Amino acid sequence: MAMIDLWTERYRPTTTDEYVFTSESQRTKVTQWINDKSIPHLLLSGAAGVGKTTLAKLLVKEMGVDEYDFLYVNASRENGIDFIRNKIHPFCQTMPFGHLKIVMLDEADRVSQQGQDALKATMEEYAVSCRFILTTNHPNKILPPLHSRCQGWHFEKLDHTEYTARAATVLVTEGIEFDLDTLDSYVKAHYPDLRKCLNSLQQNSVTGKLNAPTSASGDDSAYRVKMVELYKEGKIREARKLICANISEDEYDDIYTWMYNNL
């Protein structure tokens, strides 16, 4: 059986020219870093799925950083002080094969406070030969000393029109039949996370037609699409019951933010 490509990977930008910047000043800055083959320490923040990790990896690629000079860390899995001391610090200690070493710390807000303290010292000690790129959905969870050592860059959300157009373009390119009202439900359910939206669209269009997900589909965000439909029908009480049945206490902030953005 042939392996099915994920749409999120198939339509991921492969160059900075393909990347959708939210302002021309951002594009100019990235172009300058690529031309100089150097960057400051960076703290990239913004909602999930808006392109932080994609841009960071494109930047490293187009700067021509040697593969042995690049260390990628997913901090949702590796985030304690021992990891900083035993893997990141030794990586930074050695001289680069090329002009610069890059450590990319994805989801840096997951790093413990002790780990962030250790990271601060490493960033200072090896600033001449090593740069750090930190990405985070929650910049308030990054300690002030790390903020002060990094150039901050907040990623704004695409507006709804651009977001919907990109999702629709993927469906058209894939030859998927869909109606705008169903697509609108997916957009409202997932905005501004384009990655999650494309995953959900792909999962629910395997027959060549876009259908609203059901609980049997295995899509953990199916309830959001259903909730949007209930709100559209004016069934507010049913929608509230659906929320309460599907989220935990630690998700309250996220769901309030999502409702503010979409409803």
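Since this is a predicted model, take the numbers as computed values, not measurements.

**Q** Can you help me understand the overall build of the protein in this one?
**A** Scanning the protein from terminus to terminus reveals 12 helices and five strands. Overall, the protein is about 60 × 40 × 40 Å in size when its C-alpha atoms are taken along their principal axes. In the protein, which comprises 263 residues, the proportion classed as buried is 44%. For the protein, long-range pairs separated by at least 24 residues make up 76% of all intrachain contacts whose partners lie at least 6 apart in sequence. Per element, the accessible surface of the protein, about 14400 Å² overall, is 50% carbon and sulfur. Side chains of the protein give 30 positive and 37 negative charges; the mean places of these two sets differ by 2 Å.

**Q** Would you mind going over the packing of aromatic side chains with me for this structure?
**A** Using the criterion set out here, one finds five aromatic pairs in the structure. Plain terms: the ring middles of Tyr68 and Phe97 are 5.6 Å apart, the flat faces sit at 45° to each other, and that makes the pair tilted. Placement of Tyr68 in the loop between helix H3 (52–62) and strand S2 (70–74) and of Phe97 in the loop between helix H4 (81–93) and strand S3 (101–106) is noted, with a sequence separation of 29 residues between them. Just as Tyr68 is exposed, Phe97 falls in that class too. Each ring, one from Tyr163 and one from Tyr191, has its centre 5.1 Å from the other, and the planes form 80°; the classification is edge-to-face. One end of the pair, Tyr163, is in helix H7 (residues 160–173); the other, Tyr191, is in the loop between helix H8 (180–190) and helix H9 (194–203), and 28 residues separate them in sequence. Each member of the pair, Tyr163 as well as Tyr191, carries the same accessibility label: buried.

**Q** Can you help me understand the sheet that holds strand S5 (residues 151–155) in this one?
**A** Adjacent strands of a sheet pair through backbone hydrogen bonds, lying either parallel or antiparallel. Across the sheet, five strands lie side by side as S2-S3-S4-S1-S5; this open sheet has parallel pairing. With one partner strand each, in any of the chains shown, S2 and S5 form the two edges of the open sheet. Each neighbouring strand pair of the sheet contributes to a mean axis angle of 15°, computed without reference to strand direction.

**Q** When you look at the nonpolar core in this model, what are you seeing that I'm missing?
**A** The tendency in soluble globular proteins is for nonpolar side chains to be buried side by side. Formed by 28 residues in total, the largest nonpolar core has its most connected members in Tyr163, Leu171, Leu183 and Leu201. Those elements that place two or more of their residues in this core are H7, H8, H9, helix H10 (222–232), helix H11 (236–246) and helix H12 (252–262). Sequence-distant contacts of Leu171, that is, excluding residues within four places in its chain, are made with Trp7, Ile176, Phe178, Leu183, Leu201 and Leu210. Ala75, Ile88, Leu105 and Leu146 belong to the second-largest nonpolar core, a separate cluster that totals 24 residues.

**Q** Help me understand the pattern of salt bridges, please; the structure alone is not making it clear to me.
**A** A pair can form between side chains of opposite charge whenever their charged atoms are brought close. Following the criterion strictly, the structure yields nine salt bridges and no others. Two residues, Arg110 and Glu107, come together in a salt bridge whose shortest N-O distance is 3.5 Å. The class for Glu107 is partly exposed, based on a relative accessible area of 26%. For Lys232, the salt bridge is made with Asp181, and the minimal N-O distance between the two is 3.2 Å. Highlighted residues: Lys232 in helix H10 and Asp181 in helix H8, separated in sequence by 51 residues. On the accessibility criterion, Lys232 (38% relative accessible area) is partly exposed.

**Q** Would you mind going over the packing of H4 against helix H5 (residues 113–125) with me for this structure?
**A** Relative placement of two packed helices is described by the angle separating their axes and the distance separating the axes. It is at 9 Å that the axes of H4 and H5 come closest, and there the two elements cross at 15°. Judged on the interaxial angle alone, H5 and H4 are roughly parallel. The way H4 lies across H5 gives a crossing that is right-handed. Residues Ile81, Ile84, Ile88, His89 and Cys92 of H4 form the contact with H5, whose own contacting residues are Gln114, Gly115, Ala118, Leu119, Thr122 and Glu125. Residues of the contact of H4 with H5, tallied by class, amount to six nonpolar, four polar and one charged.

**Q** Would you mind showing me how to read the pairing of strand S1 (residues 42–46) here?
**A** Side-chain direction in a regular strand flips from residue to residue, so the side chains alternate between the two faces of the sheet. Counting buried positions over the five residues of S1 gives five, a clear majority of the element. Residues Leu42, Leu44 and Gly46 line one face of S1 and the alternating positions Leu43 and Ser45 line the opposite face, and both faces are buried. Summarising the sheet, S1 and strand S4 (residues 130–136) pair through four bridges and their orientation is parallel. Each bridged residue has a counterpart across the sheet, and for Leu43 the counterpart in S4 is Leu134. Pairing between S1 and S5: five bridges, direction parallel. Within the sheet, the bridge partner assigned to Gly46 lies in S5 and is Phe155.

Parameters at a glance
- Per chain, the residues get numbers from 1 upward, laid out in the order the sequence is written.
- pLDDT decides what is reported in this predicted model: residues at 70 or higher carry local features, side-chain atom pairs at 80 or more are listed and counted, and totals for whole chains, interfaces and linings draw on all residues regardless.
- Excluding hydrogens and water, the side-chain values take into account all heavy atoms of the structure.
- Starting at the N terminus, helices and strands are each numbered in turn, a helix being any DSSP run of H or I of at least four residues and a strand any DSSP run of E of at least two.
- Only protein chains enter the accessibility calculation, which uses a 1.4 Å probe; a residue is then buried when its area is under 20% of its type maximum, exposed when over 50%, and partly exposed in between.
- Note on contacts: a residue pair qualifies if any of its non-hydrogen atoms lie within 4.5 Å across the two residues.
- To measure how exposed things are, a 1.4 Å probe is used in the Shrake-Rupley method; for residues, cover is taken only from the protein chains shown.
- Neither His nor the chain ends is counted toward charge; the positive residues are Lys and Arg and the negative residues Asp and Glu.
- Taken as the charge centre is NZ of Lys, CZ of Arg, CG of Asp or CD of Glu, depending on the residue.
- In this analysis, rings of Phe, Tyr and Trp, with Trp reduced to its six-membered ring, are considered paired at centre separations within 6.5 Å, and the interplanar angle assigns stacked below 30 degrees, edge-to-face beyond 60, and tilted for intermediate values.
- A pair of strands is labelled paired if DSSP reports no fewer than 2 bridges between them.
- For helices, the fitted axis covers only the stretch in contact; all axes are lines through C-alpha atoms, and the angles between them, taken along N-to-C directions, range from 0 to 180 degrees.
- Only buried Ala, Val, Leu, Ile, Met, Phe, Trp, Tyr and Cys residues count toward a nonpolar core, and they belong to the same one when joined by side-chain atoms within 4.5 Å.
- A carboxyl oxygen of Asp or Glu within 4 Å of a side-chain nitrogen of Lys or Arg is what we treat as a salt bridge.
- Each angle receives one of four descriptions, namely roughly parallel if under 35 degrees, roughly antiparallel if over 145, roughly perpendicular if within 65 to 115, and oblique otherwise.
- In a left-handed crossing the near helix is turned counterclockwise from the far helix by less than a right angle, and in a right-handed crossing that turn is clockwise.
- Ten residues, namely Ala, Val, Leu, Ile, Met, Phe, Trp, Tyr, Cys and Pro, are considered nonpolar, four, namely Asp, Glu, Lys and Arg, are considered charged, and the remaining ones, Gly among them, are considered polar.

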